[in-house]
Amino acid sequence: MKKSNSKKASARQDREDAKRLRAGYKSTKKNSWQKLDNTANLFPAIATHTMTNVYRIAVSLHEEIDKKLLQRALDMVLPEFDTFNVHMRRGVFWYYFETNHKMPPLVEEESDYPCRYIEPYLNNNYLFRVTYYKNRINLEVFHVLADGMGGINFLRELTYQYLRLKHPGLCGNMDEGFSDVTSLNTEDSYLKNYKKSHAKGYKTARAVEVKGERLPAGELGVIHGYMQLEEIKRACKSFGASINEYLTGLMAFSIYSEYLHGQASSKPVVVCVPVNLRPYFDSMTTRNFFVMVSALFKTEKDDYIFEEVLAKIRESLKGQINKEHLEELFSYNVSNQKNILLRFVPFFIKKLAMKFVYRSSAKAGTTTLTNIGNITIDDAYKDYIKDFYSMISVSTGQNIKGAVVSYNGRLVFTFTSTLADVSIQRRFFSLLSEHGVNVTIESNGVYYE
Amino acid sequence: MNRCKRCGIDINDETSRCLFCGMVLSGDGSSTENIYPDIRNKTRMLKRTINIITYFAVVLEIFLIVINYYNYYGIKWSVITGGALFYLVLTLQYTVNKRNGHIVKIFVQMLGAMLLVVIIDFALGFSGWSFNIGIPLIILLMDAVILMCMLINYKNWQSYLLIQIFALISSIFHMGLYLAGCVNGPLLPWLSFGMSAFIFTSCLVIGGKKAESELKKRFYI
């Protein structure tokens, strides 16, 4: 009882401190509204507590996080980021964003599983949350706002600002300025780059679904695998594949050998791979700008070896990752969004249709593997930053997913799963080890009794 | 650092056995601190309470239907209790649960109340009082709630334009029923329609550009 009272008193004190500290907060004077981008239109329609569409990008420092300074850093950085400084409102035909003039969300110590649902009406109506634990800063983003690149862009500036507050004089006189590699662009690059299209780009044929005993409701299992980038590159070179192809091949092979027990199946193993469209269309947007391609592995016979699976995955990816095909994929969606008849349908009906279409196409993927890529940091901050992490929430038909990010010569592969069984993860990391890559793993503890 | 010889990987967790195969780990036994908080025992009290109440509401209603069936003397009172329990669950799901904004809560509450009065009227033999008195009074109540919210949240008064439109459409529907001779009048149909129309039009006229911009956003296609 005493403990609970002292906890309450400490929480109250924290809130009062935060209020005092933030009394001078000035929200942006901007007062604009913007339409959701093409991909974002889908997320409010399909997001639920079990399929949150929230991703996490985190950074670990070499020192413990100071909550008050992190809050101050967020208060300073947020008003400049129009992509994040919004709340979502309901229109008759679509949702839309409006500048949020409320105080930035409170920075809290991590006290829940990663990638939990973000309630649009809590958290001062912001669609992201910032938490910390020991020496790690977590940014969790509802995908309606931005994709991983947009998230990294924001987290990097938040971390820079935090470090400048923590270590005054770190960058000379640059107290509040942003890095010159940070983008504040908010254009809808889908609309800007789409071309009239009639072809349906996405596959809807069913893929293998990894099922099994689940973790207790609400729990999400997380396993990080740390490895040296050089070792990964060496392994990739020995198989003549890129990092993306190699990891996708490993994922497909692990599912094939552990879930299908190395046997043929009438359904293919499909690894969905989000492709960042910015380099293909010269975009610097901080909002969503990606499409999903499907790395297909048809399990036509028993006992495939890894090299065979990798060859199939490489062939499948190569045929899809080119500008023309990527353009086709998002142009089909944008042309639907621009269809005058569909636009006049009230959103609650669109929502039902979107849910139905999403559910039928979601089963076309076995898993998703997202690669945020290599994160670069300004030299002045490098000594303070240890690692970056990324992870994505599970979704309909995809109970296990992977996310990759690398920084400073180290690659972190993160599995998120709602399944109790970890044999796919085990096979994945063991194979890496067999290929000469030293792997160290860390979990969030849900798999231990 | 601990290592699993079978899986060929190092494990950083505070554990003595392999996460994947359960084998005892070799090494110096040293490990770093867990990088995630231990939150497995955290309970979701509110969610659980709502689920329990929903369950007992369903059980109670089945029990009442059975009693009503064996003691039927012309009144289907279990329909009324069913409607009331449904309204209670709806209130808990939308109002107590902080998942929705207050405007959605007002909308759901008013719609639920309209449905409830119609159900009660139906259960009591459908004399029409729900349409004659119940629904126009609910529309008037909605107008009053909207006015109050606009006064409290005056900086953001334009947010209530959409629910005003809902109140106006409901009152027009009721007015239509009156003009078609389906409900009694003229006081309540005119009063609810007049009040809803007055609030909405005055917001449009006084609000000027702010109201125009809000409607543009809400109705963009």
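Rules behind the numbers
Residues numbered from 1 in each chain as written. Chains lettered and ligands numbered in written order. Predicted model: local features only at pLDDT ≥ 70, side-chain atom pairs only at ≥ 80, totals over all residues. Helix = DSSP H or I, 4+ residues; strand = E, 2+ residues; numbered from the N terminus. Rg over C-alpha atoms; globule rule 2.2 N^0.38 Å. Buried ≥ 20, exposed ≤ 12 C-beta atoms within 10 Å, placed from the backbone. Pairing = 2+ DSSP bridges. Axes fitted to C-alpha atoms, helices over the stretch in contact; angles between N-to-C directions. Parallel < 35°, antiparallel > 145°, perpendicular 65-115°, else oblique. Left-handed = near helix turned anticlockwise from the far one by under 90°. Contact = placed C-beta atoms within 7 Å. Nonpolar A, V, L, I, M, F, W, Y, C, P; charged D, E, K, R; others polar. Domains from an automatic or database assignment. Core = buried A, V, L, I, M, F, W, Y, C linked by C-beta atoms within 7 Å. Expected span 1.5 Å × (residues − 1). pLDDT = per-residue confidence, 0-100.

Further remarks concern the overall build of chain B. When helices and strands are tallied, chain B shows 7 helices and 3 strands. Along its sequence from the N terminus, chain B presents helices and strands in the succession β-β-β-α-α-α-α-α-α-α. The C-alpha radius of gyration computed for chain B amounts to 28 Å, which surpasses the reference 17 Å derived for 221 residues by more than 25%, pointing to a less compact arrangement than a globule. Principal-axis analysis of the C-alpha atoms gives chain B an extent of 90 × 60 × 30 Å. Residues counted as buried form 24% of the 221 residues belonging to chain B.

Our next topic: the pairing of strand E11 (residues 367-375) of chain A. Note: strand E9 (residues 269-276) of chain A against E11(A), 2 bridges, orientation parallel. Paired with Cys272(A) across the bridge in E11(A) is Thr368(A).

Bringing the pairing of strand E15 (residues 440-443) of chain A into the picture now. A regular strand places its side chains on the two faces of the sheet in alternate fashion. One ladder, built from 4 bridges, connects strand E8 (residues 221-228) of chain A with E15(A); its direction is antiparallel. Of the residues in E15(A), the one forming a bridge with Ile223(A) is Ser443(A). One ladder, built from 2 bridges, connects E15(A) with strand E2 (residues 9-11) of chain B; its direction is parallel. The residue of E2(B) that forms the bridge with Thr440(A) is Asp10(B).

Residues and elements named next belong to chain B. At their nearest, the axes of helix H4 (residues 129-152) and helix H5 (residues 161-179) sit 10 Å apart, and the two run at 160 degrees to each other. Classified by the angle their axes make, H4 and H5 are roughly antiparallel. Considering only the axes of H4 and H5, their crossing is left-handed. From H4, Phe131, Ile135, Pro136, Ile139, Met142, Asp143 and Ile146 reach across to H5, where they touch Ile163, Gln164, Ala167, Ser170, Ser171, His174 and Leu177.

This paragraph deals with the interface of chain B and chain A. If you look at the interface, chain B gives 28 residues, while chain A gives 37 residues. Here the side of chain B that touches chain A takes 3 residues from E2(B), the largest share from any one element. Residue classes in the side of chain B that touches chain A are distributed as 13 nonpolar, 6 polar and 9 charged.

This paragraph deals with the sheet that holds strand E1 (residues 33-35) of chain A. Residues and elements named next belong to chain A. Strand order across the open sheet formed by 3 strands is E1-E4-E3, with antiparallel pairing between neighbours. Strands at the two margins of the open sheet, each flanked by one partner only, are E1 and strand E3 (86-90). The mean inter-strand angle of the sheet, taken between neighbouring strand axes irrespective of direction, is 30 degrees. Where E1 meets strand E4 (residues 95-99), 3 bridges bridge the pair, whose relative direction is antiparallel. Along E4, the bridge assignment pairs lysine 35 with tyrosine 96.

On to the sheet that holds strand E7 (residues 136-142) of chain A, then. Residues and elements named next belong to chain A. Overall, mixed pairing links the 5 strands, which are arranged E5-E6-E7-E2-E12 in an open sheet. Because the sheet does not close on itself, it has two edges, and the strands there are strand E5 (108-109) and strand E12 (385-392). Judged from the 7 bridges that link them, strand E2 (residues 54-61) and E12 form a sheet pairing that is antiparallel. The residue of E12 that forms the bridge with alanine 58 is tyrosine 389. Where helix H4 (residues 148-166) meets the sheet, it contacts E2, E7 and E12, and its direction lies at approximately 35 degrees from that of E2.

Residues and elements named next belong to chain A. Partitioning chain A into domains gives domain 1 (33-168) and domain 2 (203-443). Of note, the centres of domain 1 and domain 2, computed from C-alpha atoms alone, are 23 Å apart. Each partner contributes to the interface: domain 1 provides 38 residues, whereas domain 2 provides 39 residues. Only helix H2 (43-46), E2 and H4 provide two or more residues apiece to the side of domain 1 that touches domain 2. Classifying every residue of the side of domain 1 that touches domain 2 gives 22 nonpolar, 13 polar and 3 charged.

Looking now at the nonpolar core. Buried together is how nonpolar side chains tend to be arranged in soluble globular proteins. Ranked by size, the top nonpolar core spans 124 residues in total, and within it Phe128(A), Leu139(A), Phe142(A), Ala252(A), Ile255(A), Val273(A) and Val291(A) carry the most contacts. Every residue in contact with Ile255(A), bar those within four places of it in the chain, is listed here: Val208(A), Val210(A), Val269(A), Thr366(A), Thr367(A) and Ile424(A). Formed by 22 residues, the second largest nonpolar core is a distinct cluster that contains Ile146(B), Leu161(B), Tyr178(B) and Val183(B).

All right, on to H4(B) then. Residue and element names in this part refer to chain B. With 24 residues, H4 should cover 34 Å at 1.5 Å per step; its first-to-last C-alpha distance of 33 Å lies within 8% of that length. Among the residues making up H4, those that are buried are Ser130, Phe131, Asn132, Ile135, Pro136, Ile138, Ile139, Met142, Asp143 and Ile146. Buried residues along H4 sit against helix H3 (102-123), H5 and helix H6 (187-207).

Attention now moves to the confidence of the model for chain A. Here chain A shows a mean pLDDT of 88. Residues at 70 or above account for 90%. Per-element mean pLDDT across chain A ranges from 61 in helix H1 (residues 2-21) of chain A up to 97 in strand E14 (residues 410-417) of chain A.

Once that is clear, we can look at the domain arrangement of chain B. Many structure descriptions define interface size as the accessible area lost when the parts assemble. For chain B, the assigned domains are domain 1 (1-41) and domain 2 (128-221). Placing the centre of domain 1 of chain B and that of domain 2 of chain B at their C-alpha centroids yields a distance of 63 Å.

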